[in-house]
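A look at the structure
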Amino acid sequence: MKSIILDLGCGPHKRLGAFGFDRRPQPGVNVACNIEDPLPLQNECADLVYMSHVIEHVTNLVGLMEEVYRVCKPGAAVEVVVPYYTSRGALRDPTHVRYITEDTFQYFEPPTDYGVRTNFKIERIHYDVRKPFRWLPSYFQKRCRRYLWNVVDNMHVTLRAIKDV
């Protein structure tokens, strides 16, 4: 059986083999819809959900993540690429409505405080570290990205949907 891959907010650069969702109809977009509204999908239909440079534009991040969780099959992966909160890319775009840190994703893991209806497990976080910081040992990279500006461009986060089967 073929895997179902969703690319939410894909724009004209949809991930290969994915169903593309975006607000505006354009080449590569299979479904034109506002991803902040309920997604026009059945429960537990997706094996992989991909969001690249999307969640920093979303006003209701909790609602979006609850919808993503709803459409994920048990064990589905969610891959998120987002500008790191201390990067120029996060700060310069006037359409960004929030800044994202690695700690942001903890709100979607159990125990989910504030009534968030998700059960994701953070599986992996990778940072696009800028030169010359990328040659430092990981301990120093962590200190630099926490206390200095513009050390990391983007953050890649992989979540896993944990559901009873």
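What you are looking at is a predicted structure, and each value in this text was computed from that prediction instead of being measured.

Structural notes on the pattern of salt bridges
Enumeration according to the criterion identifies nine salt bridges in this entry. Notably, a salt bridge pairs K163 with E44, separated by 3.8 Å at the nearest N-O pair. You can see K163 sitting in the segment after strand 7 (152-161) and its partner E44 sitting in the loop between strand 3 (31-32) and strand 4 (46-52), a full 119 residues away along the chain. For K163, a relative accessible area of 16% gives the class buried. Close ionic contact of R145 with E102 constitutes a salt bridge, the shortest N to O distance being 3.3 Å. Taken together, the residues R145 in helix 3 (residues 138-147) and E102 in the loop between helix 2 (88-92) and strand 6 (120-129) connect sequence positions 43 residues apart. Per residue, the accessibility class of R145 equals that of E102, and both read buried. Taken together, the salt bridges that share partners define one network made up of E102, R145 and R146.

Quick word on the side chain of H96
Considering the arrangement of structural elements, one finds H96 in the loop between helix 2 and strand 6. A residue is classified by how much of its surface remains accessible, and H96, at 14% relative accessible area, is buried. Within the local environment of H96, its side chain forms a polar contact with the backbone oxygen of A90, the two atoms lying 3.0 Å apart. Those residues within four positions of H96 in sequence are excluded, and the remaining contacts are E56, H57, P83, G89 and A90.

Some details on the sheet that holds strand 2 (residues 19-22)
Taken in spatial order, the seven strands make up an open sheet running 3-2-1-4-5-7-6, and their pairing is mixed. Two strands bound the open sheet, and with one partner strand each, they are strand 3 and strand 6. Bridging between strand 5 (residues 72-83) and strand 7 involves seven bridges; their strand directions are antiparallel. Across the sheet, the residue bridging to E79 is T158, located in strand 7. On the sheet, helix 1 (residues 61-71) packs against strand 1 (5-8), strand 4, strand 5, strand 6 and strand 7 and is oriented at approximately 145° with respect to strand 5.

Focus on the side chain of S87
Position of S87 relative to the elements: it lies in the loop between strand 5 and helix 2. Using a relative accessible area of 1% as the deciding quantity, one classes S87 as buried. Among the polar contacts made by the side chain of S87, one reaches the main-chain carbonyl oxygen of Y84 at a distance of 2.8 Å. There is a polar contact of 3.4 Å between the side chain of S87 and the backbone oxygen of D153. Discounting chain neighbours no more than four positions away, the residues touching S87 are N150, V152 and D153.

Here we look at the layout of surface pockets
In this structure, the largest pocket spans a volume of roughly 420 Å³. Forming the walls of the largest pocket are 18 residues, and the residues nearest its centre are G9, D22, R23, V54 and H57. Residues belonging to the lining of the largest pocket are distributed by class as follows: six nonpolar, eight polar and four charged.

Some remarks on the environment of I4
Looking at the element boundaries, I4 is found in the segment before strand 1. Each C-alpha atom, one on I4 and one on V68, is 13 Å from the other, the two residues being 64 residues apart in sequence. With residues up to four places along the chain from it excluded, the contact list for I4 reads F19, C45, A46, D47 and L48.

Observations regarding the nonpolar core
Counting residues in hydrophobic clusters, the biggest one holds 41 residues, and the most contacted among them are L8 and M51. Elements with a contribution of two residues or more to this core: strand 1, strand 4, helix 1, strand 5, strand 6 and strand 7. The element contributing the most residues to this core is helix 1, with six residues.

Rules used throughout
Residues numbered from 1 in each chain as written. Predicted model: local features only at pLDDT ≥ 70, side-chain atom pairs only at ≥ 80, totals over all residues. Heavy atoms only, no water. Salt bridge = Lys/Arg side-chain N within 4 Å of Asp/Glu carboxyl O. Helix = DSSP H or I, 4+ residues; strand = E, 2+ residues; numbered from the N terminus. Buried < 20%, exposed > 50% of the residue type's maximum accessible area, 1.4 Å probe, protein only. Polar contact = N/O pair within 3.5 Å; in protein donor to acceptor, adjacent residues only side chain to side chain. Contact = heavy atoms within 4.5 Å. Pairing = 2+ DSSP bridges. Axes fitted to C-alpha atoms, helices over the stretch in contact; angles between N-to-C directions. 1 Å grid on protein atoms, 1.4 Å probe; cavity = no way out; pocket = protein on both sides within 12 Å on 5 of 7 lines; lining within 4 Å. Points joined across faces, edges and corners; volume = space filled by probe spheres on them. Nonpolar A, V, L, I, M, F, W, Y, C, P; charged D, E, K, R; others polar. Core = buried A, V, L, I, M, F, W, Y, C linked by side-chain atoms within 4.5 Å.

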